[in-house]
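# Summary of the model geometry
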Amino acid sequence: MVKVGAEREVRFDRSLRYQRQADYNIYDYELVPWHFEAGERKAYQNLNLSIFVDDECNADCRFCVAQLRYEHRKQLYQKEHIREDQRYLARLREVLEAIRPLNPSVSITGGEPTISPRLLPIIRMVDELGFRKRTITTNGSGLLRVTEGKTIATHLMERGFDHLNISRVCVDEEKNREIMRYGADDSYCSNEDIRQIAKAAGKGNMRIRMSCILLKPAVHNAAGIKEYVDFYRQYGVDNFIFRQLMDYDHKAVNLEKIAYCDKNKVDLNEVWEEMERDPEITPYMNLLGYYYYVELYDYHGCRIAGESADLEQQYREKSRHRDVVYEMVFHTNGVLSGSWIPTEEILMDVK
Ligand code: SF4
(Lines give C-alpha, C1' and ligand atoms only; values in the text may rest on other atoms or scores of the structure.)
Protein backbone atom coordinates (compact mmCIF):
# COMPACT_ATOMS: atom_id res chain seq x y z
CA MET A 1 0.00 0.00 0.00
CA VAL A 2 1.28 3.48 -0.88
CA LYS A 3 0.31 6.79 0.68
CA VAL A 4 -0.76 9.50 -1.78
CA GLY A 5 -0.86 12.95 -0.17
CA ALA A 6 -1.89 13.24 3.48
CA GLU A 7 -5.03 11.12 3.45
CA ARG A 8 -5.27 8.69 0.53
CA GLU A 9 -3.78 5.20 0.58
CA VAL A 10 -3.59 3.26 -2.63
CA ARG A 11 -2.87 -0.43 -3.29
CA PHE A 12 -2.73 -2.55 -6.41
CA ASP A 13 -6.25 -3.63 -7.33
CA ARG A 14 -6.37 -5.67 -10.56
CA SER A 15 -10.13 -5.25 -10.99
CA LEU A 16 -9.59 -1.54 -11.69
CA ARG A 17 -7.79 -2.47 -14.92
CA TYR A 18 -10.98 -3.83 -16.38
CA GLN A 19 -13.52 -1.51 -14.75
CA ARG A 20 -11.63 1.73 -15.33
CA GLN A 21 -13.67 4.90 -15.12
CA ALA A 22 -16.83 3.00 -14.22
CA ASP A 23 -15.39 3.40 -10.71
CA TYR A 24 -14.29 7.00 -11.01
CA ASN A 25 -15.96 9.52 -8.75
CA ILE A 26 -14.56 13.04 -8.63
CA TYR A 27 -16.18 13.53 -5.22
CA ASP A 28 -13.76 10.93 -3.76
CA TYR A 29 -11.18 13.68 -4.20
CA GLU A 30 -10.98 16.95 -2.37
CA LEU A 31 -12.41 19.88 -4.31
CA VAL A 32 -11.60 23.46 -3.42
CA PRO A 33 -14.18 26.21 -4.11
CA TRP A 34 -12.41 28.86 -6.17
CA HIS A 35 -13.32 32.15 -7.77
CA PHE A 36 -11.89 32.35 -11.29
CA GLU A 37 -12.33 35.41 -13.48
CA ALA A 38 -15.04 33.42 -15.33
CA GLY A 39 -16.95 32.69 -12.11
CA GLU A 40 -17.21 30.22 -9.20
CA ARG A 41 -15.78 26.73 -9.76
CA LYS A 42 -14.63 23.74 -7.74
CA ALA A 43 -10.96 23.07 -8.35
CA TYR A 44 -9.49 19.59 -8.06
CA GLN A 45 -7.11 19.89 -5.12
CA ASN A 46 -4.10 18.32 -6.83
CA LEU A 47 -4.53 20.61 -9.81
CA ASN A 48 -1.92 20.90 -12.55
CA LEU A 49 -1.27 23.84 -14.84
CA SER A 50 0.21 23.08 -18.26
CA ILE A 51 2.05 25.96 -19.87
CA PHE A 52 1.93 25.68 -23.65
CA VAL A 53 5.14 27.35 -24.86
CA ASP A 54 4.62 26.99 -28.60
CA ASP A 55 3.22 24.51 -31.14
CA GLU A 56 6.45 24.29 -33.06
CA CYS A 57 8.35 21.01 -32.89
CA ASN A 58 11.60 19.91 -34.55
CA ALA A 59 10.31 16.33 -34.85
CA ASP A 60 7.33 14.97 -36.75
CA CYS A 61 6.54 11.74 -34.94
CA ARG A 62 4.47 9.34 -37.02
CA PHE A 63 2.17 8.89 -34.02
CA CYS A 64 2.09 12.54 -32.82
CA VAL A 65 -1.19 13.00 -31.04
CA ALA A 66 -0.79 16.74 -30.43
CA GLN A 67 -3.30 17.33 -33.22
CA LEU A 68 -5.67 14.69 -32.00
CA ARG A 69 -7.24 16.68 -29.21
CA TYR A 70 -8.36 19.28 -31.75
CA GLU A 71 -9.38 16.98 -34.53
CA HIS A 72 -11.24 14.96 -31.95
CA ARG A 73 -13.42 17.99 -31.28
CA LYS A 74 -13.83 18.72 -34.99
CA GLN A 75 -11.54 21.75 -34.62
CA LEU A 76 -8.65 22.70 -36.83
CA TYR A 77 -5.19 22.49 -35.34
CA GLN A 78 -4.54 26.08 -36.28
CA LYS A 79 -4.57 28.06 -33.14
CA GLU A 80 -4.18 31.72 -32.50
CA HIS A 81 -0.90 32.74 -30.96
CA ILE A 82 0.57 35.71 -29.22
CA ARG A 83 3.44 36.18 -31.65
CA GLU A 84 5.60 38.63 -29.69
CA ASP A 85 7.52 36.94 -26.90
CA GLN A 86 7.30 39.93 -24.54
CA ARG A 87 3.52 40.08 -24.84
CA TYR A 88 3.24 36.32 -24.31
CA LEU A 89 5.45 36.55 -21.20
CA ALA A 90 3.58 39.53 -19.78
CA ARG A 91 0.26 37.69 -20.17
CA LEU A 92 1.72 34.51 -18.68
CA ARG A 93 2.87 36.45 -15.61
CA GLU A 94 -0.61 37.95 -15.19
CA VAL A 95 -2.16 34.46 -15.27
CA LEU A 96 0.47 32.81 -13.05
CA GLU A 97 0.14 35.51 -10.40
CA ALA A 98 -3.65 35.14 -10.42
CA ILE A 99 -3.63 31.34 -9.94
CA ARG A 100 -0.57 31.00 -7.71
CA PRO A 101 -2.73 30.99 -4.50
CA LEU A 102 -4.41 27.79 -5.81
CA ASN A 103 -0.99 26.13 -5.50
CA PRO A 104 -1.06 24.03 -8.70
CA SER A 105 1.84 21.94 -9.93
CA VAL A 106 3.28 23.18 -13.23
CA SER A 107 4.12 21.30 -16.45
CA ILE A 108 5.84 22.98 -19.37
CA THR A 109 4.89 21.55 -22.71
CA GLY A 110 4.62 22.21 -26.46
CA GLY A 111 5.43 21.48 -29.36
CA GLU A 112 9.03 21.18 -28.32
CA PRO A 113 9.65 23.66 -25.47
CA THR A 114 13.46 23.44 -25.49
CA ILE A 115 13.75 25.01 -28.96
CA SER A 116 11.77 28.10 -27.95
CA PRO A 117 13.49 31.34 -26.83
CA ARG A 118 10.58 31.72 -24.40
CA LEU A 119 11.65 28.76 -22.29
CA LEU A 120 14.32 30.42 -20.17
CA PRO A 121 12.16 33.39 -19.08
CA ILE A 122 9.30 30.95 -18.36
CA ILE A 123 11.32 28.70 -16.08
CA ARG A 124 12.65 31.76 -14.26
CA MET A 125 9.11 33.05 -13.78
CA VAL A 126 7.85 29.68 -12.48
CA ASP A 127 10.74 29.60 -10.00
CA GLU A 128 10.35 33.22 -8.92
CA LEU A 129 6.65 32.67 -8.16
CA GLY A 130 7.49 29.55 -6.14
CA PHE A 131 5.29 26.92 -7.78
CA ARG A 132 5.47 23.44 -6.24
CA LYS A 133 6.35 20.36 -8.33
CA ARG A 134 7.76 21.59 -11.66
CA THR A 135 7.90 19.34 -14.71
CA ILE A 136 8.91 19.75 -18.34
CA THR A 137 8.03 17.40 -21.18
CA THR A 138 10.48 17.36 -24.07
CA ASN A 139 11.95 15.21 -26.82
CA GLY A 140 15.26 16.21 -25.24
CA SER A 141 16.75 17.86 -28.31
CA GLY A 142 17.44 21.32 -26.86
CA LEU A 143 18.50 20.30 -23.35
CA LEU A 144 22.24 20.52 -24.08
CA ARG A 145 21.90 23.83 -25.95
CA VAL A 146 23.97 26.50 -24.19
CA THR A 147 22.25 29.78 -23.50
CA GLU A 148 23.53 32.50 -21.15
CA GLY A 149 26.56 30.33 -20.35
CA LYS A 150 24.71 27.16 -19.28
CA THR A 151 22.83 24.28 -20.85
CA ILE A 152 19.05 24.34 -20.68
CA ALA A 153 19.26 21.20 -18.50
CA THR A 154 21.41 23.12 -15.97
CA HIS A 155 19.05 26.11 -16.02
CA LEU A 156 16.13 23.76 -15.26
CA MET A 157 18.01 22.18 -12.37
CA GLU A 158 19.04 25.50 -10.91
CA ARG A 159 15.46 26.73 -11.18
CA GLY A 160 14.18 23.85 -9.06
CA PHE A 161 12.58 21.67 -11.75
CA ASP A 162 11.77 18.29 -10.20
CA HIS A 163 10.94 16.21 -13.25
CA LEU A 164 12.28 16.04 -16.77
CA ASN A 165 10.14 13.85 -19.06
CA ILE A 166 12.10 12.82 -22.15
CA SER A 167 10.12 11.21 -25.00
CA ARG A 168 11.73 8.47 -27.01
CA VAL A 169 10.16 5.44 -28.71
CA CYS A 170 13.03 2.95 -28.56
CA VAL A 171 16.69 2.41 -27.77
CA ASP A 172 17.73 1.78 -31.39
CA GLU A 173 18.87 5.09 -32.94
CA GLU A 174 17.94 4.28 -36.50
CA LYS A 175 14.44 3.09 -35.67
CA ASN A 176 13.91 6.01 -33.30
CA ARG A 177 14.89 8.49 -36.03
CA GLU A 178 12.64 6.75 -38.52
CA ILE A 179 9.59 7.00 -36.23
CA MET A 180 10.21 10.42 -34.65
CA ARG A 181 11.31 12.01 -37.97
CA TYR A 182 13.47 14.88 -36.70
CA GLY A 183 13.86 17.72 -39.19
CA ALA A 184 17.64 18.11 -39.07
CA ASP A 185 20.36 15.91 -37.66
CA ASP A 186 21.66 18.63 -35.36
CA SER A 187 18.30 18.77 -33.61
CA TYR A 188 18.27 15.05 -32.82
CA CYS A 189 18.46 13.80 -29.21
CA SER A 190 20.74 10.75 -29.26
CA ASN A 191 21.36 8.16 -26.56
CA GLU A 192 24.72 9.83 -25.94
CA ASP A 193 22.86 13.12 -25.32
CA ILE A 194 20.55 11.35 -22.86
CA ARG A 195 23.58 9.88 -21.09
CA GLN A 196 25.05 13.39 -20.68
CA ILE A 197 21.73 14.86 -19.54
CA ALA A 198 21.30 12.05 -16.98
CA LYS A 199 24.84 12.63 -15.72
CA ALA A 200 24.15 16.33 -15.23
CA ALA A 201 20.75 15.65 -13.60
CA GLY A 202 22.44 13.16 -11.23
CA LYS A 203 24.37 16.08 -9.70
CA GLY A 204 21.16 17.83 -8.67
CA ASN A 205 17.63 16.98 -7.59
CA MET A 206 16.02 16.78 -11.02
CA ARG A 207 14.63 13.34 -11.83
CA ILE A 208 14.53 12.07 -15.40
CA ARG A 209 11.58 10.06 -16.58
CA MET A 210 11.89 8.33 -19.94
CA SER A 211 8.55 8.41 -21.71
CA CYS A 212 7.78 5.86 -24.42
CA ILE A 213 4.71 5.44 -26.63
CA LEU A 214 4.08 1.73 -27.17
CA LEU A 215 4.10 0.90 -30.89
CA LYS A 216 4.12 -2.42 -32.73
CA PRO A 217 7.35 -1.65 -34.67
CA ALA A 218 9.13 -0.43 -31.49
CA VAL A 219 8.44 -1.27 -27.81
CA HIS A 220 5.33 -3.49 -27.71
CA ASN A 221 5.71 -6.15 -25.00
CA ALA A 222 7.24 -6.90 -21.59
CA ALA A 223 10.56 -7.99 -23.13
CA GLY A 224 10.78 -4.70 -25.05
CA ILE A 225 9.99 -2.74 -21.88
CA LYS A 226 12.74 -4.55 -19.99
CA GLU A 227 15.23 -3.92 -22.80
CA TYR A 228 14.34 -0.19 -22.80
CA VAL A 229 14.60 0.09 -19.01
CA ASP A 230 17.83 -1.94 -18.86
CA PHE A 231 19.42 0.37 -21.40
CA TYR A 232 18.59 3.68 -19.71
CA ARG A 233 19.14 2.46 -16.17
CA GLN A 234 22.83 2.14 -17.14
CA TYR A 235 22.69 5.96 -17.26
CA GLY A 236 21.17 6.16 -13.78
CA VAL A 237 17.56 6.72 -14.99
CA ASP A 238 15.12 4.90 -12.69
CA ASN A 239 11.75 6.28 -13.73
CA PHE A 240 9.84 5.22 -16.87
CA ILE A 241 6.42 5.62 -18.39
CA PHE A 242 5.01 3.52 -21.23
CA ARG A 243 1.87 4.88 -22.83
CA GLN A 244 -0.78 3.29 -24.94
CA LEU A 245 -1.87 5.49 -27.85
CA MET A 246 -4.97 7.42 -26.82
CA ASP A 247 -8.49 6.35 -27.66
CA TYR A 248 -10.45 8.93 -29.63
CA ASP A 249 -13.47 9.36 -31.81
CA HIS A 250 -12.57 8.04 -35.28
CA LYS A 251 -15.42 9.92 -36.94
CA ALA A 252 -13.76 13.22 -36.11
CA VAL A 253 -10.32 12.52 -37.51
CA ASN A 254 -8.92 11.66 -40.86
CA LEU A 255 -5.17 11.92 -41.01
CA GLU A 256 -2.16 9.93 -42.14
CA LYS A 257 -1.11 9.78 -38.49
CA ILE A 258 -4.40 8.23 -37.46
CA ALA A 259 -3.85 5.42 -39.96
CA TYR A 260 -0.39 4.89 -38.47
CA CYS A 261 -1.79 4.90 -34.93
CA ASP A 262 -4.56 2.43 -35.83
CA LYS A 263 -2.10 0.07 -37.45
CA ASN A 264 0.52 0.21 -34.72
CA LYS A 265 -1.44 0.63 -31.50
CA VAL A 266 -0.49 -1.77 -28.69
CA ASP A 267 -3.05 -3.01 -26.17
CA LEU A 268 -1.59 -2.22 -22.76
CA ASN A 269 -3.89 -4.69 -20.96
CA GLU A 270 -2.08 -7.52 -22.75
CA VAL A 271 1.32 -6.07 -21.84
CA TRP A 272 0.30 -5.69 -18.18
CA GLU A 273 -0.88 -9.30 -18.07
CA GLU A 274 2.50 -10.33 -19.45
CA MET A 275 4.35 -8.13 -16.96
CA GLU A 276 2.45 -9.64 -14.05
CA ARG A 277 3.69 -13.10 -15.06
CA ASP A 278 7.31 -11.91 -15.12
CA PRO A 279 9.09 -12.80 -11.85
CA GLU A 280 11.40 -9.77 -12.20
CA ILE A 281 8.52 -7.28 -12.35
CA THR A 282 6.30 -6.51 -9.35
CA PRO A 283 3.03 -4.53 -9.48
CA TYR A 284 2.66 -2.21 -6.50
CA MET A 285 0.00 0.37 -7.20
CA ASN A 286 -2.65 1.50 -9.71
CA LEU A 287 -4.37 4.85 -10.06
CA LEU A 288 -7.48 6.06 -11.76
CA GLY A 289 -7.56 9.59 -13.15
CA TYR A 290 -10.57 11.28 -14.68
CA TYR A 291 -9.71 10.00 -18.19
CA TYR A 292 -6.53 8.02 -17.65
CA TYR A 293 -5.54 4.90 -15.81
CA VAL A 294 -2.02 4.07 -14.55
CA GLU A 295 -0.38 0.91 -13.21
CA LEU A 296 2.95 1.10 -11.42
CA TYR A 297 5.53 -1.66 -11.32
CA ASP A 298 8.92 -2.16 -9.78
CA TYR A 299 11.72 -3.66 -11.86
CA HIS A 300 15.22 -3.84 -10.30
CA GLY A 301 14.59 -0.66 -8.31
CA CYS A 302 13.15 1.22 -11.29
CA ARG A 303 9.62 2.57 -11.29
CA ILE A 304 7.74 1.60 -14.43
CA ALA A 305 4.38 3.23 -15.09
CA GLY A 306 1.96 2.09 -17.79
CA GLU A 307 -0.75 4.59 -18.79
CA SER A 308 -3.79 4.52 -21.00
CA ALA A 309 -6.09 7.47 -21.68
CA ASP A 310 -9.43 7.95 -23.38
CA LEU A 311 -10.43 11.37 -24.76
CA GLU A 312 -14.11 10.37 -25.03
CA GLN A 313 -14.09 9.58 -21.31
CA GLN A 314 -12.54 12.96 -20.59
CA TYR A 315 -15.47 14.74 -22.24
CA ARG A 316 -18.07 12.46 -20.64
CA GLU A 317 -16.64 13.10 -17.17
CA LYS A 318 -16.40 16.86 -17.69
CA SER A 319 -19.92 17.12 -19.04
CA ARG A 320 -21.23 15.48 -15.84
CA HIS A 321 -19.50 18.05 -13.60
CA ARG A 322 -19.36 21.32 -15.48
CA ASP A 323 -18.43 23.32 -12.38
CA VAL A 324 -15.31 21.24 -11.66
CA VAL A 325 -11.87 22.31 -12.90
CA TYR A 326 -9.84 19.12 -13.45
CA GLU A 327 -6.75 20.79 -14.92
CA MET A 328 -5.66 24.14 -16.28
CA VAL A 329 -3.93 24.97 -19.55
CA PHE A 330 -2.27 28.27 -20.45
CA HIS A 331 -2.61 28.52 -24.22
CA THR A 332 -0.39 30.30 -26.72
CA ASN A 333 -3.16 32.86 -27.33
CA GLY A 334 -2.99 33.92 -23.66
CA VAL A 335 -6.21 32.18 -22.57
CA LEU A 336 -6.29 30.13 -19.38
CA SER A 337 -8.77 27.31 -19.75
CA GLY A 338 -9.74 24.04 -18.14
CA SER A 339 -9.21 22.23 -21.44
CA TRP A 340 -6.56 21.53 -24.09
CA ILE A 341 -8.88 23.34 -26.50
CA PRO A 342 -8.43 27.11 -25.99
CA THR A 343 -12.07 27.90 -26.80
CA GLU A 344 -13.46 25.49 -24.19
CA GLU A 345 -13.90 25.99 -20.41
CA ILE A 346 -12.31 29.44 -20.41
CA LEU A 347 -11.23 30.52 -16.93
CA MET A 348 -9.36 33.72 -17.82
CA ASP A 349 -9.98 35.24 -21.22
CA VAL A 350 -7.82 37.76 -23.07
CA LYS A 351 -9.32 41.23 -23.04
S1 SF4 B 1 8.19 15.22 -30.15
FE2 SF4 B 1 6.13 15.32 -29.26
S3 SF4 B 1 5.19 17.21 -30.11
FE4 SF4 B 1 7.03 16.69 -31.37
S5 SF4 B 1 6.20 15.54 -33.08
FE6 SF4 B 1 6.86 14.06 -31.50
S7 SF4 B 1 5.02 13.65 -30.27
FE8 SF4 B 1 4.62 15.50 -31.48
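These numbers were taken from a predicted model, which means no experiment stands behind them. (Residues numbered from 1 in each chain as written. Predicted model: local features only at pLDDT ≥ 70, side-chain atom pairs only at ≥ 80, totals over all residues.)

Here the focus is the sheet that holds strand E4 (residues 39-44). Strand-to-strand pairing in sheets goes through backbone hydrogen bonds, with the strands running parallel or antiparallel. Within the open sheet, the three strands sit side by side as E3-E4-E16. Their pairing is mixed. A strand with exactly one partner marks an edge of an open sheet, and here the two such strands are strand E3 (31-36) and strand E16 (324-325). Pairing of E3 with E4 involves six bridges; the strand directions are antiparallel. Bridging from a neighbouring strand, Phe 36 pairs with Gly 39 of E4. (Pairing = 2+ DSSP bridges. Helix = DSSP H or I, 4+ residues; strand = E, 2+ residues; numbered from the N terminus.)

Where helix H3 (residues 85-99) contacts helix H4 (residues 119-128), the two axes come as close as 11 Å, and the packing angle between them is 20 degrees. On the basis of the axis angle, H3 is roughly parallel to H4. Here H3 and H4 pass one another in a crossing that is right-handed. Touching Leu 89, Leu 92, Arg 93 and Leu 96 of H3 are Pro 121, Ile 122 and Met 125, all from H4. Partitioning the contact of H3 with H4 into residue classes produces six nonpolar, no polar and one charged. (Axes fitted to C-alpha atoms, helices over the stretch in contact; angles between N-to-C directions. Parallel < 35°, antiparallel > 145°, perpendicular 65-115°, else oblique. Left-handed = near helix turned anticlockwise from the far one by under 90°. Contact = placed C-beta atoms within 7 Å. Nonpolar A, V, L, I, M, F, W, Y, C, P; charged D, E, K, R; others polar.)

Strand order in this open sheet of 12 strands is E13-E14-E15-E12-E11-E10-E7-E6-E5-E17-E18-E19, and the pairing throughout is mixed. Of all strands in the sheet, those bounded by a partner on one side alone are strand E13 (281-288) and strand E19 (346-348). In terms of strand pairing, strand E17 (residues 328-330) meets strand E18 (residues 336-337) through two bridges, oriented antiparallel. The residue of E18 that forms the bridge with Phe 330 is Leu 336. In the packing of H3 onto the sheet, the strands contacted are strand E5 (48-52), E17, E18 and E19, and the crossing angle to E17 comes to about 160 degrees.

This paragraph deals with the site of the ligand. Taken together, 11 residues surround the ligand, and among them Cys 57, Ala 59, Cys 61, Cys 64 and Asn 139 come closest. Across the shell around the ligand, the residue classes break down as six nonpolar, three polar and two charged. (Near = placed C-beta within 6 Å.)

Moving on to the confidence of the model for the protein chain. For the protein chain, the mean per-residue pLDDT works out to 90, and 90% of the residues sit at or above 70. Contacts for the low-pLDDT stretch residues 72-76, under 50 throughout, to residues beyond four places or in other chains number 11 contacts. (pLDDT = per-residue confidence, 0-100.)

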